[in-house]
Amino acid sequence: MSISTVDVIVTSPGRNFVTLKIVTSDGVVGWGDATLNGRELAVASYLRDHLATTLVGRDEDRIEDTWQYLYRGAYWRRGPVTMAAISAVDMALWDIKAKKAGVPLYQLLGGASREKLRVYAHASGNDYAALSQAIRAYVEQGYTAVRIQTGVPGLDAVYGVSATAKPGEKYDYEPAHRAADGSAATRPVEEDWDTPAYLRHIPSIFEKVREEFGPELRLLHDSHHRLSPIEAARLAKSLEPYDLFWLEDATPGEDQEAFRLIRQHSTTPLATGEVFNSVYDYQTLVTERLIDYVRSAPTHTGGVTGMKKLLDFAGIYGIRSGIHGPTDVSPIGMAAALHLDLAIHNFGIQEYMPHSDLTLEVFRTSYTFDRGFLHPGDTPGLGAELDEDLAAHHPYTAAYLPVNRLLDGTVHDW
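One numbering rule holds for all chains: residues counted from 1, following each sequence as written. Under the rules for a predicted model, residues below a pLDDT of 70 receive no local features and side-chain atom pairs below 80 are neither given nor counted, while totals for whole chains, interfaces and linings still include all residues. With hydrogens and water stripped out, all remaining heavy atoms of the structure feed into the side-chain values.

S.K.: Which parts of the structure should I look at to understand the nonpolar core?
M.R.: In globular proteins that are soluble, nonpolar side chains generally tend to be buried together. Only buried residues count toward a nonpolar core. Its members are Ala, Val, Leu, Ile, Met, Phe, Trp, Tyr and Cys residues joined through side-chain atoms within 4.5 Å. Note on exposure labels: buried denotes an accessible area under 20% of the residue type's maximum, exposed denotes more than 50%, and partly exposed covers the range between, all computed with a 1.4 Å probe on protein chains only. One finds I22, L47, V89, I135 and I148 to be the most contacted residues of the largest nonpolar core, which totals 114 residues. Ranked by residues supplied to this core, first place goes to helix α3 (residues 80-101) with twelve residues. Each domain's extent is set by a domain assignment, obtained either automatically or from a database. Counting contributing residues per domain, this core is built from domain 1 (1-103) and domain 2 (107-378), each supplying no fewer than three. The contact rule is simple, with two residues in contact once any of their heavy atoms fall within 4.5 Å. Filtering out sequence-adjacent residues up to four positions away, I135 remains in contact with A123, V146, I148, V209, F213 and L217. The next biggest cluster of nonpolar side chains, apart from the first, holds eight residues, and it includes F245, A271, Y293 and I349. Think of it this way: any DSSP run of H or I at least four residues long counts as a helix, any run of E at least two long counts as a strand, and we number them from the N terminus.

Written as C-alpha cells, this is what we have:
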C-alpha cells in the first residue's frame, strides 16, 4: 500500500483553516491540520507546491521515516511554515494508521493514562463586572480552571480580550481581523499598549477574583510576550498571593535565558511555547527547569510525532503539558492534541476554546466535553474530518493578527 493522492483544502467557516487530505491506494483517508493564523497561504503553498509530489507513492505506514524525510530532506529546517506543513502530513499518516488498525489514535500511543482531560476556559471582560460574569458562567458549566484576561484602563483594545461578548456568551474571540464589512483585510489593525498601567492593574483584578471565587478555582493568565524579563519578574512576584496555576508568555520565549531572571524572583508557575515549532526552542527552558508547562500544539510542532518527542523530553525534567488549543487550530488539530493528552504521562491541562457552530458544521468531530473535561472519543483514527462539500462554500478571506505599539509609537510584542 502507498500514498495515492495529496490534496490541500483552504476554507474559512468563520475563520481560515488549512487542511491536508491524504488518500492511500486502498482508499483510506487521513486528515491533517496545517493552519498558521495570518499566514495560511504560505503553508498551503508549501504543501501543494513542494511536498505533495514527494509524498505520492511513499509507504503510508513509515511515519517516522516520512517525518525525518520532510524535516531533514528540505535542508531548510524548522520555522513555522515548514513545521506546520510537516505537522499536517504527520497527523494524516497517524490518522490512516489508526483507522487501518481500527482503534482511536491514543491506543497506538500507549493507551490511555487517564479517564478524562481537564481543560481551561477563557474568561474575558473589558472591566471587572463583565469579567466576573464570564467567570461565573464557566464555573456554572463545570469548569475548574479559567484563564483571566481583562481590559486595561486607558487602552481602547487589548489583545486577548473580547470587547463584544455579552455576559454568559461563549468566548469566541478572533484576533485575526478582516475588514469591517467582512471582506479581506489588506493590513493589520494597530493597537496601543501601556506596560506600567498593565502592571498596576492586573494584581488588583486577581485579588478581586480570589475574593469572589475562592481558593479552589484554578486561575491562569497570559501576558502575550509583552514584558521585559524584569517586568515579567515583577508581575510574577506580585501575583504570588493569588496562587496562579500558571503565568503564560510573560516575556518573549525565544530569549530562553530571560526566564532565569523570572525564576530568581518568583515561584509563580510559568508556561510558554505556543509560538515555538521544535524541541530545540525549549532546550534551555527544559533542561534548566525554567518553565513548568510546554504550550506548543501538534499543528505547529511537527504533528503527533514532533509533539510526542517534545513531551517525552519535557517529562524527563518534570515539566507538564499545556497544549495550545485556540480556535486557530482546526478541530482536526484539536483532536490530535487530545489523543496525545490522554496517552502521555506528564499531562497538565488542555486549553479549550470551543469552535463556532459554523466551523463545527464543516469539521465533524468525535471528541466530547463534559463539565470541564474533554475526551477524544473512540472513533478509529483522529475522530475528526472535513466535509469538503461544505468547505467549498467558505472561501479563504485574508485576515491579519494585530500589531501592537507602545504609546510613543514603537512597535511592541503583543
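Let's pick the thread back up.
S.K.: Help me out: how do you make sense of the pattern of salt bridges in this one?
M.R.: A side chain with one charge may pair with a side chain of the opposite charge, provided their charged atoms come close. By salt bridge we mean one thing: a side-chain nitrogen of Lys or Arg within 4 Å of a carboxyl oxygen of Asp or Glu. A full pass over the atoms with the stated rule returns 20 salt bridges. We note a salt bridge from K99 to D95, for which the minimum N-O separation is 3.1 Å. Separated by four residues within a single helix, K99 and D95 lie in helix α3, roughly one turn from each other. Looking at K99, the relative accessible area reads 28%, which means it is partly exposed. Among the ionic pairs, R295 bridges to E274, the shortest N-O distance being 3.2 Å. Here the residue R295 occupies a position in the loop between β10 (293-294) and α10 (303-316), and E274 occupies one in the loop between β9 (270-272) and α9 (283-287), the gap between them amounting to 21 residues. Taken individually, R295 and E274 each receive the classification buried, so the pair is uniform in this respect. Bridged by salt links that share partners, the residues E60, D61, K97 and K100 form one connected network.

S.K.: Help me understand the environment of D378, please; the structure alone is not making it clear to me.
M.R.: Tracing the backbone through its elements, the reader meets D378 in the loop between β15 (373-375) and β16 (384-386). Leave out the neighbours within four places in its chain, and D378 touches P104 and Y106. Whenever two N or O atoms come within 3.5 Å, that pair is a polar contact, provided that in protein one can donate a hydrogen and the other can accept it, and provided that, for residues adjacent in sequence, both atoms are side-chain atoms. Within the local environment of D378, its side chain forms a polar contact with the side chain of Y106, the two groups lying 2.5 Å apart.

S.K.: Even after reading the chapter, I still don't get the side chain of T19, so can you show me in this structure?
M.R.: Take T19: it is sitting in strand β2 (residues 17-24). Residue class for T19 comes out buried when judged on its relative accessible area of 0%.

S.K.: Would you take a moment to explain the packing of aromatic side chains for this structure?
M.R.: Each aromatic ring pair is described using two quantities: the centre-to-centre distance and the angle formed by the ring planes. Here a Phe, Tyr or Trp ring, Trp counted by its six-membered ring, pairs with any other such ring whose centre lies within 6.5 Å, and the pair is stacked when the planes are under 30 degrees apart, edge-to-face when over 60, and tilted otherwise. Here the structure, examined in full by the defined rule, presents 13 aromatic pairs. Plain terms: the ring middles of Y138 and Y143 are 5.1 Å apart, the flat faces sit at 85° to each other, and that makes the pair edge-to-face. The exposure class of Y138 is buried, given its relative accessible area of 8%. Using a relative accessible area of 4% as the deciding quantity, one classes Y143 as buried. Ring geometry for F245 against W246: centres 5.8 Å apart, planes inclined by 50°, an arrangement best described as tilted. Two conditions define a charge located above a ring, namely a distance within 6 Å from the ring centre to NZ of Lys or CZ of Arg, and an angle within 35 degrees of the ring normal. Positioned above the aromatic ring of Y69 is the side chain of R58, whose terminal nitrogen or guanidinium carbon lies 4.1 Å from the ring centre.

S.K.: Would you mind showing me how to read the pairing of strand β7 (residues 218-222) here?
M.R.: The two faces of a sheet get side chains in turn, since along a regular strand they alternate between them. The element β7 is extensively covered by neighbouring structure, given that four of its five residues are classed as buried. The pairing criterion for strands is at least two bridges between them, as found by DSSP. Summarising the sheet, strand β5 (residues 145-150) and β7 pair through three bridges and their orientation is parallel. In the strand pairing of β7, V146 is matched with L219. When β7 meets strand β8 (residues 246-248), the two strands line up parallel, connected through three bridges. Pairing of H221 across the sheet is with L247, part of β8. Orient the strands so they point away from the viewer; a crossover is then right-handed if the path from the first strand over the helix to the second runs clockwise. Tracing the backbone out of β7, into helix α7 (residues 229-238) and back to the parallel element β8 gives a crossover that is right-handed.

S.K.: Whenever I open this one, the sheet that holds strand β6 (residues 190-193) confuses me. Can you help?
M.R.: Sheet strands line up and pair through hydrogen bonds in the backbone, either parallel or antiparallel. Spatially, three strands are ordered β6-β17-β18 in an open sheet, and the strand pairing comes out mixed. The open sheet has two edge strands, β6 and β18 (411-412), and neither has a second partner. In this sheet, strand β17 (residues 403-406) lies alongside β6 in parallel orientation, the contact comprising four bridges. Along β17, the bridge assignment pairs E190 with V403.

S.K.: So what exactly am I meant to see when it comes to the sheet that holds β2 here?
M.R.: If you trace the three strands from one edge of the open sheet to the other, you get β1-β2-β3, paired in antiparallel fashion. What marks the edges here is a single partner per strand, and that holds for β1 (3-11) and β3 (29-33). Recorded for the sheet is a direction-independent mean angle of 20° between the axes of neighbouring strands. The sheet contact formed by β2 and β3 spans five bridges and is antiparallel. Across the sheet, I22 pairs through a bridge with G30, a residue of β3. With axes taken as lines fitted to C-alpha atoms, and helix axes fitted only over the stretch in contact, angles between N-to-C directions fall between 0 and 180 degrees. Most of the contacts of α3 go to β3, to which it runs at about 145°, and overall it touches β1, β2 and β3.

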